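Structural features, examined
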Amino acid sequence: MQIQHNFSLKKHNTFGIEAKAKEFVAVHSVDELKEVLSENISKKKFILGGGSNMLLTQDIDALVIHVDIKGIRVIKETEDFVWVEANAGENWHEFVLWNIDHNFGGLENMSLIPGNVGTTPVQNIGAYGVEIKDSFISCEAVNIENQESKTFHKEDCNFGYRESIFKHEAKDKFVITSVTFKLTKQNHKINTSYGDILKELEKHNISTPTIKDVSNAVIAIRQSKLPDPKELGNSGSFFKNPIITRDHFEKVKAQFPEVRHYDISASEVKVPAGWLIEQAGFKGIRIGDAGVHKNQALVLVNYGNASGQEILNLSKEIQKTILDKYTIAIEAEVNVI
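Residues numbered from 1 in each chain as written. Predicted model: local features only at pLDDT ≥ 70, side-chain atom pairs only at ≥ 80, totals over all residues. Heavy atoms only, no water.

**Considering the UniProt feature "active site" (unreviewed entry) in the protein chain**
The criterion, for reference: UniProt positions are given in the numbering used here, feature names are shortened, and annotations may be inferred rather than shown by experiment. We count a stretch as a helix when DSSP gives it H or I for four or more residues in a row; a strand needs E for two or more, and each element gets its number in order from the N terminus. Throughout, a contact is declared for two residues whenever any of their heavy atoms are within 4.5 Å. In protein, a polar contact means a hydrogen-donor-capable atom and an acceptor-capable atom, both N or O and within 3.5 Å, with residues adjacent in sequence counting only if both atoms are side-chain atoms; elsewhere, any N or O pair within 3.5 Å suffices.
Residues given the UniProt feature "active site" (unreviewed entry) here are Arg162, Ser237 and Glu333. Taken together, the annotated residues stretch across 172 residues yet fold into one region, lying no more than 11.5 Å apart by C-alpha. Mapped onto the elements of the fold, Arg162 is located in the loop between strand E11 (149-153) and strand E12 (174-184). Look past the residues within four positions of Arg162 in its chain and what remains in contact with it is Gln123, Asn124, Ile125, Gly126, Ala127, Glu131, Lys167, Lys240 and Glu333. Looking at Arg162, its side chain comes within polar contact range of the main-chain oxygen of Asn124, at 3.2 Å. By the element assignment, Glu333 lies in the loop between helix H8 (308-326) and strand E20 (335-336). When neighbours within four sequence positions are excluded, Glu333 is seen to be in contact with Asn53, Gln123, Arg162, Ser237, Phe238, Phe239 and Lys240.

**Looking at the packing of aromatic side chains**
For any pair of aromatic rings, the description rests on two quantities: the centre-to-centre distance and the angle between the ring planes. Under the convention used in this document: Pairing of aromatic rings covers Phe, Tyr and Trp, the last through its six-membered ring, and needs centres within 6.5 Å; plane angles under 30 degrees mean stacked, over 60 mean edge-to-face, and all others mean tilted. Relative accessible area decides the class of each residue, using a 1.4 Å probe on protein chains only: under 20% of the type maximum gives buried, over 50% gives exposed, and in between gives partly exposed.
Taken as a whole, this structure holds 12 aromatic pairs when the rule is applied. Centroid distance Phe7 to Phe24: 3.9 Å. Interplanar angle 10 degrees. Geometry classified as stacked. Taken together, the residues Phe7 in strand E1 (residues 4-8) and Phe24 in strand E2 (residues 20-27) connect sequence positions 17 residues apart. For Phe7, a relative accessible area of 17% gives the class buried.

**Overview of the packing of helix H2 (residues 92-101) against helix H5 (residues 211-225)**
Where we set the bar: Between N-to-C directions, angles cover 0 to 180 degrees, with each direction set by a line fitted to C-alpha atoms, over the stretch in contact for helices. Our angle categories are set so that under 35 degrees counts as roughly parallel, over 145 as roughly antiparallel, 65 to 115 as roughly perpendicular, and the remainder as oblique. By definition, any crossing whose near helix is turned counterclockwise from its far helix by less than a right angle is left-handed, and any crossing with a clockwise turn is right-handed.
At a minimum axis distance of 10 Å, the contact between H2 and H5 shows a crossing angle of 155 degrees. Considering the angle they form, H2 stands roughly antiparallel to H5. Relative to H5, H2 is oriented so that their crossing is left-handed. Listed contacts from H5 to His93, Leu97 and Ile100 of H2 are Ile211, Lys212, Ser215 and Ile219.

Below, the structure written as structure tokens:
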């Protein structure tokens, strides 16, 4: 494990932002991770996974530890369920496809989400009506300060909408090294009620979809709306969909009767951030090499040489406009570094 200096992170963030790490090292096992942590106790550290949920606005004046631990294994199974553990460095989409190939259900709606397995609990990632917490059992993590291993069970993680303990009390204190999911082997819970999944299935005359069919539908929908980070720098959805009180929503609706929404509870309503951004006129806008994607207003993009600061400035302009026009605050889902 050789520590490299003044290391370019351009290929280690899906926005394709050019930024340097003061020091950089990749670890390929839990033992290597513990060794690096114990040998560099006094140094400031930055933990890097797949680089899919961050916007780099500056160089990182720290030791960047890239968690590249691979491996997938079945640790337990019954007639109906299987417990699958994946190491943190596994690509999320490839892990989803691995499970589908084995007819393990529960993750198919989250196909093609960028990033690695290890960061999925941090955000409680989700798509098309399904979230990580729905199949999450536990994750293993290493304490940065004392290098001790710790198991976080579902009830420990305080999962919420794009929220978890790893964004709050446990932030910068632990490195997730593996995640375990409980998935179905039969009697899969097929979820086609969200977004355009049903429409995509109908296009192919599929009335009783398999988990593979659902995955294919999600992939087709995402590819039609979302740019491939390898071709156009982006981090997927840049903003969270705001959840507001029903009273607040009724006031917005009185002024904008066409406003889209999803009922969360008797007292809360979710408003699609993409709709708000599109209605505010930002869809497809480009300022220099920073822009909003032409097919999906939730996605900010780097057309080549945008700086992180330029993308951040655009995001702030969008937030201010939405707040001024709709009195709705939209938060960044992406971590700004």
